[in-house]
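Inside the fold
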Amino acid sequence: MNDIFTNCKLKNGFGPSVQATAAATSPTKRPLSPDHPNPALPITETPSPAMNRMGWALRTLLVADNSSCLKDRKVSGKLIRKCAPGTELVDWLVNLSPIVHTRAQAAGMWQALLEEGVLAHVNKEQPFKDKCFLYRFRIDEEGGTAAAGVPQAEDLGAANEHIREALSALFQRGPDATLRMILRKPSHERTSEELELVFEELVHIAALSHLSTSIKRELSSIFVFEAHAQAGTILFNQGDEGRSWYILLKGSVDVVIHGKGTVATLKTGDDFGKLALINDAPRAATIVLKENNCHLLRVDKEHFNRILRDVEANTLRLQEHGKDVLVLERVAKQRGQHSAFKYTVMSGTPAKMLEHLLETRLGQSVGGMDPFLDDFLLTHIVFMPVVQLVDELANYFHCDAHEDAQTPEDREYIINFKKRVIQFMQKWVMAVRHAAFEEPSVCDFIEDLAAEVEADPDLNEETSIVHNVLTQMARYQEDRNQNAGQKWKLPPNGQPICLFSGNATPSKTVIRPDDDIIFRVYCADHTYCTLRFPMHTTAELIKACAADKLQLNRGPEDLVLVEVKSNGERSVFKDNDVSIPTGLSLNGRLFVSVKDHLDALTQLQEQECPTEGVDIDLEILSTKELAYHITLFEWDLFWAVHEYELLYHTFGRHHFGKITANLDVFLRRFNEVQYWIVTELVSTPSLSKRVGLVRKFIKLAAYCKEYQNLNAFFAVVMGLSNMAVSRLQQTWEKIPSKFRKIFQEFEALIDPSRNHRAYRVFVGKLQPPLIPFMPLLLKDMTFAHEGNKTSLDGLVNFEKMHMMAQTMRTIRFCRSRSLGLEPPSPKSEGEVRSYISSFRVIDNQRVLTAMSQKVEPTRKL
Ligand code: CMP
């Protein structure tokens, strides 16, 4: 058997396709459509020596018996030598042996001989029946000397000597032979007693133990027995359509996968083949019989779908070389699919999951994205770096690189596989957009792919797909070149400002890893240096450079880069951390400090009470216009965030060496709006103006909600609920009850209880475009991350990846339509826009509370 795989033609890591080698060991392939076994025929190619001898002994005694029923008879004018009716053979056997009590037992014993070809119906049309059908021994069919005449005394002696043993062995085999005979009959020919016999046997099969009695009864009538005489027979090929499910009753089979050879051997009692049936996918492996005379029970697809599909066991574990490589679980399917369940991946090795995708999830479905494929594309960076993925894809695509001669079957398989790799590429780009093109290895691969597709006439239909991907890549590269050298400045407060961008719409500027950013780094005495570095620069490099410029004269091992927040809190950066400046909190500042002197770091005066910012009389601004511009501004920030940034943020960007600048900026914005509300209110000494402002902010929240900017809506309502604002009793007393009621409704919507149920229900009904409450999405990511291990027993916990991908898909959904808000009548457009893009904000709660006390001192009782 091994020869089949070692001699096979396809190598190059893709290798063994099961091919015929020498005639003797040639694997023979069954026809694709399930065949119908004939219980009148033997199940072995030749009788076993033991059965032959038993047959010989019985025949010898029969022939020697004077009253022998074994006679030459004329049937339809044709002479048939030494045949006997079934009834008489049964009579003879019952009389011969005291161990045979019933006619059914005797019939089973004759059937045991028939199924090995020792005995046969004269026309090969009937299994053994206790009826007047005529049967004869094989030896008499063949004629020859052994068949002729009365047996010699010496033969008779030998037969008599052997007969006890033979009868006892046949007696043992009878019931199984009967059962196999029933299971080879068409369903409608099985009698109720026969079905009962089968049912009693099914109770003992482990692979069926999870099924109810009524299902086992149904199965009794549709199970088909299959016997295969030759080791090396291919039951089905990888890539074939799934037609049946099998249980191995006797023998063993090899599970063979292209490029891997035999990955597992299944033994008696194991089952296989339901993956393709349940998922309506091609076969994931080739099944080759490892031994001669294997016995299988088979359920064909139509019956499987009707009886088993929805009650199949929950978990399916695929093994390779004794280890689990893919664990699948039955889950409810979406509406519109013709069964309620299908298998989805729970965990697996990265390579097996990719193989599963390419083998079974691509190629058939047109249009929509398979959910497993989408999850994989969104999260693979966690468990399979891009370079490795590209490598594996290239291997799959070039599987035929060293092949000279290929059979048409090989070629078809290879072409199909290439098509799937191309489809994978297309879906990849569709799922992660420009992130795919940011990796040079991906671009090289796409170019290789394009050249090969062009040169291969079999891939003609794929050229348009590849051209489309190439065009997207060229567009991305053009955009990159235009924006090369993009430069940002981190102002003392507010968002990073883009100083230079080649982008025609500078508002929609994505911060890229190699963009420069200008920022300050302070030291303990509050002197600072200004640095300019690419976003992806590590904390270590910034630290070294700042120390040098500030002349700290200490080695890098003695120094740390640290953020000092406006409340004096310090947070130290890891040396390998990136996108440092954008990751600072609202009024946070970067410091470089001697490790042992961290305690000496104090915040700057300007951090507590920022002075910069646009001064404007909020009273005169239209609230709707404010909400409108806030929404436009935040839409652009939201638009720039890539779904991957959520993964970098959750797992720690230092693990990936990737920046999270766009997400950082969007999150900062949330705090900025929230603290802007508080800052404005506590710095307004006039009670009537404060009352006016509270009303304005409640209206602002209402407009943000109307514009579906839930991020700003939360920020405004949370700002109004801040302790420093909610304690302003005199102010709230003067708010009309109508406004107070609306505000209460808003507070109910942001209520975090039951995992933000109120908000989730509300947002669940909205259609895009919308700006979601980002901190909740990050909380969901963190929850999925902290509550679930990434690796389970050496396999990727794909359930976790699925949970994370769901959150990432939410972002995709929110942006699936572009924002097309009707502008409110523009009065002071430019002024509002510059105001809302850089609020003057105090984010130190202690300072805010003190200011609140100042404008409304606590009433003495
Ligand atoms: P199916 O894809 O229907 O047909 C091939 C079968 O091989 C598959 O279902 C599984 O039941 C079985 N199998 C067992 N081990 C593996 C494995 N490691 N990879 C793929 N299939 C396997």
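Residues numbered from 1 in each chain as written. Predicted model: local features only at pLDDT ≥ 70, side-chain atom pairs only at ≥ 80, totals over all residues. Heavy atoms only, no water.

Moving on: the overall build of the chain. For the chain, the count of helices and strands is 33 helices and 24 strands. Taking 2.2 N^0.38 as the reference for a compact globule, 861 residues should give roughly 29 Å; the C-alpha atoms of the chain span a radius of gyration of 39 Å, well beyond that estimate. Dimensions along the principal axes, computed over C-alpha positions, put the chain at roughly 130 × 65 × 55 Å. Relative to all contacts within the chain whose residues are 6 or more apart in sequence, the contacts with residues 24 or more apart total 70%. Accessible surface computed for the chain: about 38400 Å², of which carbon and sulfur atoms make up 51%. Separation between the mean location of the 101 positive side-chain charges and that of the 109 negative ones in the chain comes to 6 Å. (Helix = DSSP H or I, 4+ residues; strand = E, 2+ residues; numbered from the N terminus. Rg over C-alpha atoms; globule rule 2.2 N^0.38 Å. Contact = heavy atoms within 4.5 Å. Areas by Shrake-Rupley, 256 points an atom, 1.4 Å probe, with all protein chains shown as cover. Lys, Arg positive; Asp, Glu negative; His and termini not counted. Charge placed at Lys NZ, Arg CZ, Asp CG, Glu CD.)

Attention now goes to the site of the ligand. Taken together, 17 residues sit near the ligand, with Ala-276, Arg-283, Ala-284, Gln-319 and Lys-352 positioned nearest. A distance of 2.7 Å is found between an oxygen atom of the ligand and a side-chain nitrogen or oxygen belonging to Arg-283. Contact between the ligand and Gln-319: a nitrogen atom at 2.8 Å from a main-chain N or O atom of the residue. Among the elements of the structure, β8 (253-257), α9 (274-279) and β13 (315-320) are those that each provide at least two residues to the shell around the ligand. Here the residues of the shell around the ligand sort into 11 nonpolar, two polar and four charged. (Near = heavy atom within 4 Å. Polar contact = N/O pair within 3.5 Å; in protein donor to acceptor, adjacent residues only side chain to side chain. Nonpolar A, V, L, I, M, F, W, Y, C, P; charged D, E, K, R; others polar.)

Take the pairing of strand β11 (residues 286-289) next. The side-chain alternation of β11 yields two buried faces, one formed by Thr-286 and Val-288 and the other by Ile-287 and Leu-289. Across four bridges, the pairing between β8 and β11 is antiparallel. Counted as the bridge partner of Val-256 is Thr-286 from β11. (Buried < 20%, exposed > 50% of the residue type's maximum accessible area, 1.4 Å probe, protein only. Pairing = 2+ DSSP bridges.)

Following the criterion strictly, the structure yields 34 aromatic pairs and no others. With centroids separated by 6.3 Å and ring planes inclined at 65°, the aromatic side chains of Phe-424 and Trp-428 adopt a geometry described as edge-to-face. Of this pair, Phe-424 and Trp-428 are both found in helix α14 (residues 408-432), four residues apart, which corresponds to roughly one turn of the helix. Arranged with centres 6.2 Å apart and planes meeting at 70°, the rings of Trp-676 and Tyr-835 form a pair that is edge-to-face. With Trp-676 in helix α23 (residues 661-682) and Tyr-835 in helix α32 (residues 829-836), this pair connects stretches of sequence that are 159 residues apart. A residue is classified by how much of its surface remains accessible, and Trp-676, at 0% relative accessible area, is buried. Lying over the aromatic face of Phe-236, Arg-283 brings its terminal NZ or CZ to 3.9 Å of the ring centre. Taking NZ or CZ as reference, Arg-520 lies 4.2 Å from the ring centre of Tyr-528, over its face. (Phe/Tyr/Trp six-rings, centres within 6.5 Å; stacked < 30°, edge-to-face > 60°. Lys NZ or Arg CZ within 6 Å of the ring centre and 35° of its normal.)

For the chain, the mean per-residue pLDDT works out to 88, and 91% of the residues sit at or above 70. Here residues 1-33 is modelled with pLDDT under 50, and outside its nearest four sequence neighbours on either side it reaches 89 contacts, counting other chains as well. (pLDDT = per-residue confidence, 0-100.)

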